[in-house]
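A look at the structure
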Amino acid sequence: MKLLEERIRRDGKIREDGAVLKVDSFLNHQIDVGLYNEIGKEFFRLFADERVTKILTIEASGIGIACIAGQYFDVPVLFAKKSKSKNIDGGVYTARVESFTHGKVYDVMVAKEFLRPEDRVLIIDDFLANGAALDGLIQIVREAGATVVGAGICIEKAFQSGGERIRAKGVRVEALARIKSMGEDGVEFC
Ligand code: 5GP
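Residues numbered from 1 in each chain as written. Predicted model: local features only at pLDDT ≥ 70, side-chain atom pairs only at ≥ 80, totals over all residues. Heavy atoms only, no water.

**Concerning the overall build of the protein**
Along the backbone of the protein there are five helices and ten strands. For a compact globule of 190 residues, the expected C-alpha radius of gyration is about 16 Å, and the protein comes in at 16 Å, within 12% of that figure. Seen through its C-alpha atoms, the protein measures out along the principal axes to roughly 50 × 35 × 30 Å. Across the 190 residues of the protein, 46% fall into the buried class. By sequence separation, contacts in the protein at least 24 residues apart represent 61% of the contacts at least 6 residues apart. A total accessible area of about 9,700 Å² is found for the protein, and carbon and sulfur atoms account for 47% of it. Averaging the locations of the 28 positively and 29 negatively charged side chains of the protein gives two centres separated by 2 Å. (Helix = DSSP H or I, 4+ residues; strand = E, 2+ residues; numbered from the N terminus. Rg over C-alpha atoms; globule rule 2.2 N^0.38 Å. Buried < 20%, exposed > 50% of the residue type's maximum accessible area, 1.4 Å probe, protein only. Contact = heavy atoms within 4.5 Å. Areas by Shrake-Rupley, 256 points an atom, 1.4 Å probe, with all protein chains shown as cover. Lys, Arg positive; Asp, Glu negative; His and termini not counted. Charge placed at Lys NZ, Arg CZ, Asp CG, Glu CD.)

Here it is, written out as structure tokens:
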């Protein structure tokens, strides 16, 4: 998606260690709602034929994008909650996720009542890096007996392993901007 690539080139900042792209000025701290709208529209164009019944994302950065996409699909948006508690009651699906940006392991959870076996779920997230967040969400959908129709990702860091690994498992992953490399000279797209 040209619009997103141009915006990353213009306003994205690469952390000093070269591992993290900061998009705080337009995507996941301050939000450019017009850009979110174009992203939501593009996800709808890509997955319009998949008979999506629910969108699933993970808090916090995915929620805004998922909500805009949800308006195009006209389906509910569900977000996995990050939980620090070990004492979660029985009415939830949980998965362990290792955070790439924070280097911590945490549990994510979704109430069982909101995911049904007949659901056709589109997963949406802001970034795909090593794929741990996406793995966790896929695991939760499958545990519910529902179908993952695919994943819509805003920015895939294609130099990390997540995208290739998850596509190899047969999951349709569509990323709107795929980064081949990033460093002192800026960002290069695939
Ligand atoms: P993964 O689980 O695929 O390794 O990482 C995905 C999650 O980590 C995303 O939900 C996102 O919040 C965060 N993340 C991974 N890489 C980056 C990055 O380069 N920049 C930002 N801002 N977040 C990232």
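**What about unusual backbone geometry?**
Residue A60 is reached from E59 by a cis peptide bond, and omega for that bond is 0°. Looking at the secondary structure, you find A60 in the loop between β3 (54-58) and α3 (61-73). The phi angle at R51 is positive, at roughly 50°, despite the residue not being glycine. Secondary-structure assignment places R51 in the loop between α2 (33-47) and β3. Owing to a relative accessible area of 60%, R51 belongs among the exposed residues under this scheme.

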